[in-house]
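Summary of the model geometry
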Amino acid sequence: QGAPRRRYRVLILGGWSPGPLDIIYSRFNADVDFEEPTIPMPPSGIRWCFNPFWVLLLLYSFFALPFFMKEAENLADSEALVWVLRGTALLLSLLILRVLVAGLVWFSIRDALCVVHSKIQSWEPDVVVAFS
């Protein structure tokens, strides 16, 4: 007889729900070694809290924006100009918050890619199965 067949290595990149994992595991368990790295999924877990954009988002929302709203009173003489400054600060804040949220998502994706790349390098799978 020939040499025993090597078991396939399958790297599973899951999403927020297990999806079809139970079926895949049970169906191919005899022929396949499965590996599923832990990928941080905001907003669960702790690792995603170390995202620098998360810190910036919190600092801006709870300190900078209220400061700008309050400072508008000191910069303007009339009540109308105070409201114009506050409206301008609010509109600029929407843009700033949008950029910070985009940075938060970008950093989370880059972090997940680093985890996956490391696992691919160390485990050398035959197949990568990913779903969300």
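As shown above, the structure is provided for reference.
Residues numbered from 1 in each chain as written. Predicted model: local features only at pLDDT ≥ 70, side-chain atom pairs only at ≥ 80, totals over all residues. Heavy atoms only, no water.

**Digging into unusual backbone geometry**
The backbone of glutamate 124 shows a phi angle near 50°, a positive value even though the residue is not glycine. As for its position among the elements, glutamate 124 is in the loop between helix H3 (79-123) and strand E3 (127-130). For glutamate 124, a relative accessible area of 58% puts it in the exposed group. (Helix = DSSP H or I, 4+ residues; strand = E, 2+ residues; numbered from the N terminus. Buried < 20%, exposed > 50% of the residue type's maximum accessible area, 1.4 Å probe, protein only.)

**Topic: the side chain of asparagine 51**
Its place among the elements puts asparagine 51 in the loop between strand E2 (32-35) and helix H2 (52-75). The class for asparagine 51 is buried, based on a relative accessible area of 1%. There is a polar contact of 3.0 Å between the side chain of asparagine 51 and the backbone oxygen of leucine 104. Aside from chain neighbours lying at most four places away, what touches asparagine 51 is Leu104, Phe107 and Ser108. (Polar contact = N/O pair within 3.5 Å; in protein donor to acceptor, adjacent residues only side chain to side chain. Contact = heavy atoms within 4.5 Å.)

**Quick word on the pairing of strand E1 (residues 8-13)**
Relative to E2, E1 is paired through four bridges, and the arrangement is parallel. Residue pairing in the sheet places arginine 9 in a bridge with aspartate 33 of E2. With respect to chirality, the unit in which E1 leads through helix H1 (residues 21-28) into the neighbouring parallel E2 is right-handed. (Pairing = 2+ DSSP bridges. Right-handed = clockwise from strand over helix to strand, strands pointing away.)

**Overview of the environment of leucine 95**
Here leucine 95 is to be found in helix H3. For the pair leucine 95 and serine 118, spaced 23 residues apart in the sequence, the C-alpha separation amounts to 35 Å.

**Considerations on the pattern of salt bridges**
Tallying each qualifying case throughout the model produces five salt bridges. Linking aspartate 126 and arginine 6 is a salt bridge whose minimum nitrogen-to-oxygen distance equals 2.7 Å. Taken together, the positions of aspartate 126 in the loop between H3 and E3 and arginine 6 in the segment before E1 put the pair 120 residues apart, joining distant regions of the chain. The exposure class assigned to aspartate 126 is partly exposed, which follows from its relative accessible area of 37%. (Salt bridge = Lys/Arg side-chain N within 4 Å of Asp/Glu carboxyl O.)

**Concerning the environment of arginine 9**
You can see arginine 9 is positioned in strand E1. Sequence-wise, arginine 9 and isoleucine 23 are 14 residues apart; in three dimensions their C-alpha atoms are separated by 17 Å. If we skip the residues at most four places from it in the chain, arginine 9 touches Asp33, Trp123, Glu124, Pro125, Asp126 and Val127. Among the polar contacts made by the side chain of arginine 9, one reaches the main-chain carbonyl oxygen of tryptophan 123 at a distance of 2.3 Å.

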